[in-house]
Amino acid sequence: MLPATFKLCAAISYQHLRNMRGLRRQAALTIGQELSKLVCRSPGPGPWISHVRRRSSLLSSRLEEKPFSEMEMSYIKQGEEALQKSLSILGNQDGWKMETEVQNGDKVLSKVLPDVGKVFRLEVVVDQPLDAVYSELVDNMEQMGDWNPSVKEVKILQRIGKDTVITHEKAAAPPGNIVGPRDFVSVRCSKRRGSTCVLAGMATQYGAVPEQEGFVRAENGPTCMLLRPLPGRPSQTKLTWLLSIDLKGWLPKSIINQVLAQTQVDFANHLRQRLARMAAPQC
């Protein structure tokens, strides 16, 4: 019976069966029963039986967790695709051209990709540790409108697991109203591996948020922010922001390029000011 049970467990490793909650629970239950029979027939449980038993108990508790729906799995996949594509773009150092460089060392580069269009790359060093930067950009993302004048509102529409969220962002009109109000619906994926953090995203569809009156629905992605502590200086963080965006509408490319490059430079300045305020002693 036990070999048949493990065949059942092998079957639920396939994606289309993994979400069948009853089948997964039955597999865990059957394993527990079979292990109990082995223990009864033996003078004492061997070490491997005790180990498998503990793993089986852990599996049973995890099976009570709600499985992801097909739609949720689709959003998770979109977030992963945005992350992988963004890292691939950043990993290719060829073809980048300088758009602007500030006296403090901040710089924006760009290049044109055949399947994406023009992308922008911000490179800055922030005088705050990685944890503080990560917390502000991920844990407190809905507060971005409080400190970034380019953002009117960020709202989390849905959380999927621990790494994926669906957001609705409303952009504030830039000075002079060169570009009218835009909004975005995005899937965002955050990953943290050791001392490196990646925050990636791309445009998606979300039925509960149709196009808004007074806003042009723009699209972004793939886009990401890469955070790493500065080598030898853990109190400082290197931030690289890949920006790929389609603002839609009839806008000259020269204006779009100018607005996007300046938006990245302004973002770095406002982020520094925000982090400095948050780190200052509270009276």
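Higher on the page you've got the structure.
1. Here we look at the overall build of the protein chain
Turning to step 1, where the next piece is worked out: Of regular secondary structure, the protein chain possesses eight helices and 12 strands.
Turning to step 2, where the next piece is worked out: Nonlocal contacts in the protein chain, meaning residues at least 24 apart in sequence, comprise 57% of its contacts between residues at least 6 apart.
Turning to step 3, where the next piece is worked out: Only carbon and sulfur atoms are counted for the fraction: they give 54% of the accessible area of the protein chain, which is about 16200 Å².

2. So, the side chain of Arg217
Turning to step 1, where the next piece is worked out: Topologically, Arg217 is positioned in strand β8 (residues 216–217).
Turning to step 2, where the next piece is worked out: Classification of Arg217 as buried rests on a relative accessible area of 17%.
Turning to step 3, where the next piece is worked out: At 2.9 Å, the side chain of Arg217 and the side chain of Asp183 are in polar contact.
Turning to step 4, where the next piece is worked out: A polar atom in the side chain of Arg217 sits 3.4 Å from the backbone oxygen of Val209.
Turning to step 5, where the next piece is worked out: Residues within four places of Arg217 in sequence aside, it is in contact with His168, Asp183, Phe184, Val185, Val209, Pro210, Glu211, Gln212 and Lys248.

3. A short note on the pattern of salt bridges
Turning to step 1, where the next piece is worked out: Applying the stated criterion across every chain, the model contains 15 salt bridges.
Turning to step 2, where the next piece is worked out: Residues Arg192 and Asp131 are paired through a salt bridge, measuring 2.1 Å at the closest nitrogen-oxygen approach. Residue Arg192 is located in strand β6 (residues 182–193), and its partner Asp131 is located in helix α6 (residues 130–139); the two are separated by 61 residues in the primary sequence.
Turning to step 3, where the next piece is worked out: By relative accessible area, which is 47% here, Asp131 ends up partly exposed.
Turning to step 4, where the next piece is worked out: Here Lys191 makes a salt bridge to Asp163, at a shortest N to O gap of 3.0 Å. Of this pair, Lys191 sits in strand β6 while Asp163 sits in the loop between β4 (151–160) and β5 (164–171), and the two are 28 residues apart along the sequence.
Turning to step 5, where the next piece is worked out: With relative accessibility at 16%, the residue Lys191 sits in the buried group.

4. Some thoughts on helix α5 (residues 70–91)
Turning to step 1, where the next piece is worked out: Counted at 1.5 Å a residue, the expected span for α5 with its 22 residues is 32 Å, and the 31 Å between its end C-alpha atoms agrees.
Turning to step 2, where the next piece is worked out: Taken residue by residue, α5 has Glu72, Tyr75, Ile76, Gln78, Gly79, Ala82, Leu83, Ser86, Ile89 and Leu90 as its buried positions. Angularly, the buried residues of α5 cover 160° about the axis, an arc narrow enough to put them on a single face. Of the exposed residues in α5, those oriented more than 90 degrees away from the buried face are Glu70, Lys77, Ser88 and Gly91.

5. Examining the packing of aromatic side chains
Turning to step 1, where the next piece is worked out: Summed over the entire model, instances satisfying the criterion amount to three aromatic pairs.
Turning to step 2, where the next piece is worked out: On the basis of an interplanar angle of 40° and a centroid distance of 6.2 Å, the ring pair of Tyr75 and Tyr206 is categorised as tilted. Separated by 131 residues along the polypeptide, Tyr75 in helix α5 and Tyr206 in the loop between β7 (196–203) and β8 bring together distant segments of the chain. The exposure classification of Tyr75 matches that of Tyr206, with both residues buried.
Turning to step 3, where the next piece is worked out: Members of the aromatic cluster, connected to one another through ring pairs, are Trp147, Trp241 and Phe267.
Turning to step 4, where the next piece is worked out: Above the plane of the ring of Trp96 lies Arg121, whose end atom (NZ or CZ) is 5.2 Å from the centre.

6. Examining the nonpolar core
Turning to step 1, where the next piece is worked out: With 38 residues, the main nonpolar core has Leu122, Val133, Leu137, Leu227, Leu239, Phe267 and Leu271 as its most contacted residues.
Turning to step 2, where the next piece is worked out: With nine residues, the single largest contributor to this core is helix α8 (residues 253–279).

7. So, the side chain of Asp163
Turning to step 1, where the next piece is worked out: A distance of 3.4 Å separates the side chain of Asp163 from the side chain of Lys162, its partner in a polar contact.
Turning to step 2, where the next piece is worked out: Among the polar contacts made by the side chain of Asp163, one reaches the side chain of Lys191 at a distance of 3.0 Å.
Turning to step 3, where the next piece is worked out: Among residues more than four places away in sequence, those in contact with Asp163 are Arg188, Cys189, Ser190 and Lys191.

8. Topic: the pairing of strand β3 (residues 117–126)
Turning to step 1, where the next piece is worked out: Judged by how many residues are buried, β3 sits mostly within the fold: seven of 10 residues are covered.
Turning to step 2, where the next piece is worked out: Sheet analysis places strand β2 (residues 107–113) next to β3, joined by seven bridges and oriented antiparallel. Residue Ser110 lies in a different strand from β3, and its bridge partner there is Phe120.
Turning to step 3, where the next piece is worked out: Hairpin remark: β2 followed by β3, antiparallel, with three residues in the connecting loop.
Turning to step 4, where the next piece is worked out: Direction of pairing for β3 relative to strand β11 (residues 233–243): antiparallel, over a ladder of seven bridges. Across the sheet, Val125 pairs through a bridge with Lys238, a residue of β11.

9. Side note on the environment of Ile255
Turning to step 1, where the next piece is worked out: If you trace the backbone, Ile255 turns up in helix α8.
Turning to step 2, where the next piece is worked out: With relative accessibility at 27%, the residue Ile255 sits in the partly exposed group.
Turning to step 3, where the next piece is worked out: For the pair formed by Ile255 and Val179, sequence separation is 76 residues and the distance between their alpha carbons is 8.6 Å.

Procedures and definitions
- Residues numbered from 1 in each chain as written.
- Predicted model: local features only at pLDDT ≥ 70, side-chain atom pairs only at ≥ 80, totals over all residues.
- Heavy atoms only, no water.
- Helix = DSSP H or I, 4+ residues; strand = E, 2+ residues; numbered from the N terminus.
- Contact = heavy atoms within 4.5 Å.
- Areas by Shrake-Rupley, 256 points an atom, 1.4 Å probe, with all protein chains shown as cover.
- Buried < 20%, exposed > 50% of the residue type's maximum accessible area, 1.4 Å probe, protein only.
- Polar contact = N/O pair within 3.5 Å; in protein donor to acceptor, adjacent residues only side chain to side chain.
- Salt bridge = Lys/Arg side-chain N within 4 Å of Asp/Glu carboxyl O.
- Expected span 1.5 Å × (residues − 1).
- Arc of directions from axis to C-beta.
- Phe/Tyr/Trp six-rings, centres within 6.5 Å; stacked < 30°, edge-to-face > 60°.
- Lys NZ or Arg CZ within 6 Å of the ring centre and 35° of its normal.
- Core = buried A, V, L, I, M, F, W, Y, C linked by side-chain atoms within 4.5 Å.
- Pairing = 2+ DSSP bridges.

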